[in-house]
Amino acid sequence: MPLPPLHTAVFAALDRGALVLTANQRAARTLHGAYAQRMRAEGKPLWQPPTIAAWESWTSEQWQQLVLRGAETRMLLTPRQERLLWSRILTKDAESRTLRSPQSLAQLASDAWSLLARFGGLRGGLGPIRAQFEAASTDTRTFLQWAQHFERLCAKDQFLSAAQLDDALRSHVEAGTLPPPATQIVLVGFDRITPSQTALCESLIAAGVDVTHLEIESQSAHIVVVEASDSDAEMHAAARALRQKLETDPEACLAVILPDLASVRSRLERIFLSELAPELQRAGATGRPPFEFSLGTTLDRIAMTRTALSLLRWTLTPLPLEEVSTLLLSPYLAGAETERYARATWDAQRLRGATLLQPEISLTWLLGKLQLPPLLRAHLTSLQNLAVEKTSPTPRRTVKKPSLATHGTWMDHAAALLAAAGWPHGNSPTDRPLDSTEFQLQQRWQELLDEIATLDFSGDRIDFAAALAAISSAASETLFAPQSHDAPVQIMGALESAGSAFDSVWFLNATDMQWPATASTHPFIPWTVQRDLAMPGTDAARTLDDGIAITQRISSSAPEAVFSFARRGNEGDQRPSTCLQSLQIADRQQHSNAITAAEPLLALEDAPDDTNLPALPDQTIRGGATILKRQAQCPFRAYAERRLASTALEGTEAGLNAADRGNLIHKALADFWNSVETQSALRQMTADERMQRLRSAVELAVPITTQTGWDRRYLELQRDWLMQLLPQWLEEELLRPPFQVIATERALTDQRIGPLRIDVRVDRIDAALPDGREIPHNERLSAPLQIILDYKTGNIPSKPWDGDRPDEPQLPLYAALADEETLHGLAFARIRPGDMCIQGTASAPNLLKQTRLRQDGTPYANSEVDDVGYLVSEWRKVLTRLAEDFARGESAVDPKQYPQTCKDCAQMPLCRIKESPPGAEEDPSEETPDA
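(A) Expanded view of helix 24 (residues 635-642). The element helix 24 is largely enclosed, with a buried count of seven among its eight residues. Regarding helix 24, the residues found buried are Pro635, Phe636, Arg637, Ala638, Tyr639, Ala640 and Glu641. Lining the buried residues of helix 24 we find helix 23 (625-633), helix 30 (868-888) and helix 31 (908-911).

Right under this line is the structure:
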């Protein structure tokens, strides 16, 4: 395969002994790889590394050589060190205190200083431009004061800003203290060279160095413009085109370039995975996709380092429940592999299953209140002990934890805390070793701590909270990308592509809104200074020219180039970028709906499912009435949830959820009626007696055993809520015909309904007393008129028991299991603020409600009168059939009423009902027309 013109020109320069400098690290790595490939192709087992370096790496190396020779004594500041100096300056300035944090203002100030240095605004110091700063605005005058302070501080302490490195090297070249690094320097991939870089190059030329920009002849690219309906269709079209190219030539080098890669990365990755590597979307799938991003991800968004940050924060402050759950299930804690199932079970039953009233959970509370798996407890205890340790208890060398210490001391302490917690898991012999990416990530984390430790140059002493804030801030700024595996598809930004050559390029989002990228001016630098120094954003024509130049460079970096855009964006209709007008476009294509128009990725195969479903065990099955309710809603849901255990992870919330509050009502009313027993006793009680007895029941239902102020007040509010709600319900109970409560929360164990054996619990059973006579404690009526009540705090369907698929089979199930001779009614007892009622059916007019009379004294027709015995026999048939269907494994995707039935179902990713909803396959032409 012939070499790209770029590589041919670079190799020729290297053969002449030239030093090749690239605009970015990616181009340098790519050229190093291409040179190694050339050496291997020539059969050379060993070779000298080529003299290729990124500009920033080369200038830093030259500075280090000056320091080693004693020609320089100034300390070159890292960006983090420089920002710390700006933060110290801003913190001391009382007038600079605004709604913005000192850290964000420090970043703005550092950026302004860097712009001034790179565009030649500081060659004579701040003196020549001082008047323009003072005359512009309050912001520029304030920045001038900060900049003067920064300039004096650097001069006093012998510091050098990284942005002034080019000018410092130029001075050494002109003074003769920096000898020419080579006889020829070739610049590769510089879309625009800054004035400070230009000045350094000019000084090298004056010293006898041949400095040239590598000019590459255009590859006469075949340029295509693709118009898609929307952004997703555009990405799918690109992915499918790349897949076709890889199928034709697996060794091809393909590039995807975006002007806004960071904002669409997650969506692009999802679409590319579905198109280029659908097999990797399976649970537990391993392997690498045929694409990789040149732009890394910040450390605070990667699971492994996010675990480390959570552990460190937990030593200082409580964490939200969800974060604690995620942290304790992390695979990056020692023992995670050994205790995988124990920790998952503990999380579901102990942590998420507990009624946790705290909005946040502290490490101390967790260790003191809950029983943890042993390895997890051991490591968290070690973490807690080290976190509270003030001094070393033994002579051996350990990290001390004074209230104030240096950055380096705190970074050692942070590393010791993580080691005590067993992070990362690769340090434990019981867990799997770290893979390549995790090992690189651990190294990058340690480098981050080392970088923060260099802030000790300032002599500041801080507390651990400030040190942790520095770690968190650095993690949110530090990008990590695993070592390249030379994937055939490289995804990058427009500037990153400089100095690279490809077989084909696809430029996404080439719209007039996104390309060329809009450059903004800096608020701390006067407009006149920015205009005179030709800074970015000061000249729209120059910005467009730069965009056109980059567009042409991209189009000539491969034999084929595709530029695409979406007609419709989030902000309305879009047009192609004006930069495309400078290209010789060979073809224009439209992809109106790239998703449905393409061929299927994988051929579908028919596999007969003739496996017999194993019989249900002859034992009690958990689920009770819920099994029958799910079977009535949708057989597939019942099968997935109750036989495959495919249940969604329940969400958690601080305090009590709706189900917990419903249980409190159950408990309070059960205790109340167990002592009061009859409606007549309730009538005889005074208002104070009733409230006193109700308060006792509420206090029993909501015990306050905690001493924590927040928890105590929260539980008191729950008691107050019950004391507001339940008296209203008792007023509703007084409107009923006479009754006596004969059972509350009655458990019916090992009950048979068809082939199922289930346990149920009946909320309440009343005995209707038509004649008002109560049942003595030691007597039983020969045939009491029993009424089953089920408390409901939510909505009740209008016809909850009708049809072959009842919405609420719970009460019919209780009725089917009850004694037919004594059962005369069943009803929902709806207890909601402002909505109290008894809703059900009975065999006589006045068993559930008092008969209402018309104005003429005649009674209304009582709609609640039914033949309960007949209803129970019919319900038993329906419930038995549902039980038989469940036991037989009937699992058709058949929701009772789509899409309402599916609204709260978590099985849709399995049943895929959205892809073919009920009725979609029906032919509308066969429908009977309306009369």
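(B) View of the pattern of salt bridges. Applying the stated rule across the entire model yields 50 salt bridges. The salt bridge partner of Arg444 is Glu451, with a shortest N-O separation of 3.4 Å. Residue Arg444 is classed as buried on the basis of its relative accessible area, which comes to 19%. Residue Glu451 is classed as partly exposed on the basis of its relative accessible area, which comes to 28%. Where salt bridges share partners, they join Arg80, Arg83, Arg444, Glu447, Glu451 and Glu477 into one cluster.

(C) Inspection of the side chain of Ser196 at higher detail. Mapped onto the fold, Ser196 is located in helix 9 (residues 195-206). Looking at Ser196, the relative accessible area reads 0%, which means it is buried. Only 3.2 Å separates the side chain of Ser196 from the side chain of Thr194, close enough to count as a polar contact.

(D) Seen up close, the nonpolar core. Counting 53 residues, the largest nonpolar core has Trp314, Leu366, Leu380, Trp445 and Ile471 as the members making the most contacts within it. Those elements that place two or more of their residues in this core are helix 12 (303-314), helix 13 (321-328), helix 14 (340-351), helix 15 (363-369), helix 16 (374-388), helix 17 (407-420), helix 18 (436-453) and helix 19 (464-477). Beyond its immediate sequence surroundings of up to four residues, Trp314 is in contact with Leu319, Val324, Leu327, Leu328, Ile361, Ser362, Leu363, Leu366 and Leu380. In terms of nonpolar packing, the next biggest core, distinct from the first, is built from 39 residues, Leu664, Ile787, Leu789 and Ala842 among them.

(E) Region of interest: unusual backbone geometry. In this chain, Trp423 is followed by Pro424 through a cis amide linkage whose omega measures -10 degrees. For Pro424, the position within the fold is in the loop between helix 17 and helix 18. Here the amide bond leading from Tyr898 into Pro899 is cis, since omega sits at 5 degrees, within 30 degrees of zero. If you trace the backbone, Pro899 turns up in the loop between helix 30 and helix 31. You will see that Ala645, though not glycine, has its phi angle at about 55 degrees, which is positive. Structurally, Ala645 is set in the loop between helix 24 and helix 25 (658-676). The class for Ala645 is exposed, based on a relative accessible area of 60%.

(F) Representation of the state of the cysteines. Within the structure shown, the criterion is met by zero disulfides. Distance from the sulfur of Cys902, which forms no disulfide, to the nearest cysteine sulfur (Cys905) is 6.2 Å.

(G) Region of interest: the sheet that holds strand 20 (residues 739-753). Read across the sheet, five strands follow the order 20-21-22-23-24 without closing on themselves; strand pairing throughout is mixed. Each of the sheet's edge strands pairs with one partner strand only, and the pair in question is strand 20 and strand 24 (835-842). Averaged over all pairs of adjacent strands, the angle between strand axes in this sheet comes to 30 degrees, irrespective of strand direction. Two strands pair when backbone bridges link them, and strand 22 (residues 785-792) and strand 23 (residues 823-832) are joined in this way by seven bridges, in the parallel orientation.

The rules behind the values
The written sequence of each chain sets the order in which its residues are numbered from 1. Owing to the predicted nature of the model, reporting of local features is limited to residues with pLDDT of at least 70; listing and counting of side-chain atom pairs is limited to 80 or more, with chain, interface and lining totals taken over all residues. Computation of side-chain values: all heavy atoms of the structure, hydrogens and water removed. Relative accessibility thresholds used throughout: buried, under 20% of the residue-type maximum; exposed, over 50%; partly exposed, between the two (1.4 Å probe, protein chains only). Helix and strand labels come from DSSP, where a helix needs a run of H or I of at least four residues and a strand needs a run of E of at least two; each type is numbered from the N terminus. It only takes one pair of heavy atoms within 4.5 Å for two residues to be counted as in contact. When a carboxyl oxygen of Asp or Glu lies within 4 Å of a side-chain nitrogen of Lys or Arg, that pair is called a salt bridge. Two N or O atoms count as a polar contact when they lie within 3.5 Å, although within protein this holds only if one can serve as hydrogen donor and the other as acceptor, and sequence-adjacent residues are included solely when both atoms are side-chain atoms. In plain words, nonpolar cores are sets of buried Ala, Val, Leu, Ile, Met, Phe, Trp, Tyr and Cys residues tied together by side-chain atoms within 4.5 Å. Our working definition of a disulfide is a cysteine sulfur pair at a distance within 2.5 Å. Strand pairing is assigned whenever DSSP detects at least two bridges linking the two strands. Whenever a helix is involved, its axis is fitted only over the stretch in contact; in every case the axis is a line through C-alpha atoms, and angles between N-to-C directions fall within 0 to 180 degrees.

Coordinates in, geometry out; function isn't part of it.
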